[in-house]
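# Chain and residue survey
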Amino acid sequence: GEDVEQSLFLSVREGDSSVINCTYTDSSSTYLYWYKQEPGAGLQLLTYIFSNMDMKQDQRLTVLLNKKDKHLSLRIADTQTGDSAIYFCAERVGGYQKVTFGTGTKLQVIP
Amino acid sequence: DGGITQSPKYLFRKEGQNVTLSCEQNLNHDAMYWYRQDPGQGLRLIYYSQIVNDFQKGDIAEGYSVSREKKESFPLTVTSAQKNPTAFYLCASSPQSDYGYTFGSGTRLTVV
């Protein structure tokens, strides 16, 4: 089956790095995504990684993929108060329409 | 600017009523989706459509209906058969590619 799990909550101090973790169960995932949701809003695609990559960096964001352990992480460097939001990981298995979302991790940034 | 628009932002439904949530996109995307979001449960897929005049049930389709008469539009009807409709509803669209989904800003439905 397709299950994507995340811890529900993470609290960090402004300026520190945040690491949000995600585990998935389907080894045939092709793409993995990170989305950000601010309060009362829709989801915004932050970044994605193809399953044959180990790492992808985009400015303050670093995505690490460990296929052996089916583990995906999102590191946010120099976390700012504007990064406070819910972060969802998602996996695509098969076609572009087959995307499963995780439960979301609420990131709280303390000034 | 291209985007995806959901309306209304807030909607109140009485017991036994059907309500329709609107979703319109001008991104020329082929596929559109409806998700339901409940606290602590992430997003659950209700229905999706890959092309006009075609749609498929997602994981929680019971009590919902959709139509796809135009590429730009994918309205969702929450029927009286949906026993627990209070939730945040998100519409999304995507091209037939790998670049992820574009989401609308959501509709919060409350049963009163």
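See the structure above.
Described below are features of the structure shown in this document.

## Here we look at the sheet that holds strand 8 (residues 71-76) of chain A
Consider a sheet: its strands pair through backbone hydrogen bonds, and that pairing is either parallel or antiparallel. Residue and element names in this part refer to chain A. Strands sit in the order 1-3-8-7-6 across an open sheet of five strands; the sheet is antiparallel. Strands with a single pairing partner mark the edges of an open sheet, and in this sheet they are strand 1 (4-6) and strand 6 (55-58). Sheet twist, expressed as the average angle between the axes of neighbouring strands with direction ignored, equals 15°. Relative to strand 8, strand 3 (residues 18-24) runs antiparallel, the two sharing six bridges. Looking at strand 8, one finds that Ser-18 is bridged to Ile-76.

## Some points on the sheet that holds strand 8 (residues 76-78) of chain B
Residue and element names in this part refer to chain B. Read across the sheet, four strands follow the order 1-3-8-7 without closing on themselves; strand pairing throughout is antiparallel. In this open sheet, the two strands that pair with only one neighbour each are strand 1 (4-7) and strand 7 (64-66). Across the sheet, the mean angle separating the axes of adjacent strands is 20° when strand polarity is ignored.

## Some details on the pattern of salt bridges
Residue and element names in this part refer to chain B. By the definition in use, this model includes six salt bridges over all chains. With a shortest N-O distance of 2.8 Å, Asp-38 and Arg-36 are connected by a salt bridge. Residue Asp-38 shares its accessibility class with Arg-36, and that shared class is buried. Taking the shortest distance from any N to any O, the salt bridge between Arg-44 and Asp-38 comes out at 2.8 Å. Look at Arg-44 and you get partly exposed, because its relative accessible area is 27%. We classify Asp-38 as buried; its relative accessible area is 11%.

## Digging into the interface of chain B and chain A
Every contact between the two is made by 24 residues of chain B and, on the other side, 19 residues of chain A. At the surface where chain B touches chain A, the tally comes to zero salt bridges. Inspection of the region where chain B meets chain A yields three residue pairs in polar contact (both at pLDDT 80 or more). Mapped by element, the contributors of at least two residues to the side of chain B that touches chain A are strand 4 (31-37), strand 5 (43-51) and strand 9 (87-94) of chain B. By residue number, the principal contributor to the side of chain B that touches chain A is strand 4 of chain B, which donates four residues. Tallied by class, the residues present in the side of chain B that touches chain A amount to eleven nonpolar, eleven polar and two charged.

## With respect to a nonpolar patch on the surface
All names here are of chain B. Taken together, Tyr-10, Phe-12 and Val-112 make up a surface patch of nonpolar side chains, about 370 Å² in accessible area. By the secondary structure assignment, Val-112 is in the segment after strand 11 (107-111). When its relative accessible area of 58% is taken as the criterion, Val-112 is described as exposed.

## Regarding the pairing of strand 1 of chain B
Residue and element names in this part refer to chain B. Side chains Ile-4 and Gln-6 of strand 1 all project onto a buried face; the interleaved residues Thr-5 and Ser-7 project onto a face where none is buried. Where strand 1 lies against strand 3 (residues 19-25), four bridges are found, and the strand directions are antiparallel. Within the sheet, the bridge partner assigned to Ser-7 lies in strand 3 and is Ser-22.

## Examining the pairing of strand 11 of chain B
Residue and element names in this part refer to chain B. Pairing geometry for strand 2 (residues 10-13) and strand 11, over four bridges, is parallel. Paired with Arg-13 across the two strands is Val-111, which belongs to strand 11. Bridge count for strand 9 against strand 11 is three bridges, and the pairing is antiparallel. What sits directly across from Phe-88, in strand 11, is Arg-108.

Thresholds, definitions, all that
Residues numbered from 1 in each chain as written. Chains lettered and ligands numbered in written order. Predicted model: local features only at pLDDT ≥ 70, side-chain atom pairs only at ≥ 80, totals over all residues. Heavy atoms only, no water. Pairing = 2+ DSSP bridges. Helix = DSSP H or I, 4+ residues; strand = E, 2+ residues; numbered from the N terminus. Axes fitted to C-alpha atoms, helices over the stretch in contact; angles between N-to-C directions. Salt bridge = Lys/Arg side-chain N within 4 Å of Asp/Glu carboxyl O. Buried < 20%, exposed > 50% of the residue type's maximum accessible area, 1.4 Å probe, protein only. Contact = heavy atoms within 4.5 Å. Polar contact = N/O pair within 3.5 Å; in protein donor to acceptor, adjacent residues only side chain to side chain. Nonpolar A, V, L, I, M, F, W, Y, C, P; charged D, E, K, R; others polar. Patch = residues over 30% accessible without salt bridge, like charges linked within 9 Å, V, L, I, M, F, W, Y side chains within 5 Å. Areas by Shrake-Rupley, 256 points an atom, 1.4 Å probe, with all protein chains shown as cover.

By themselves, these are just geometric observations and shouldn't be taken as functional.
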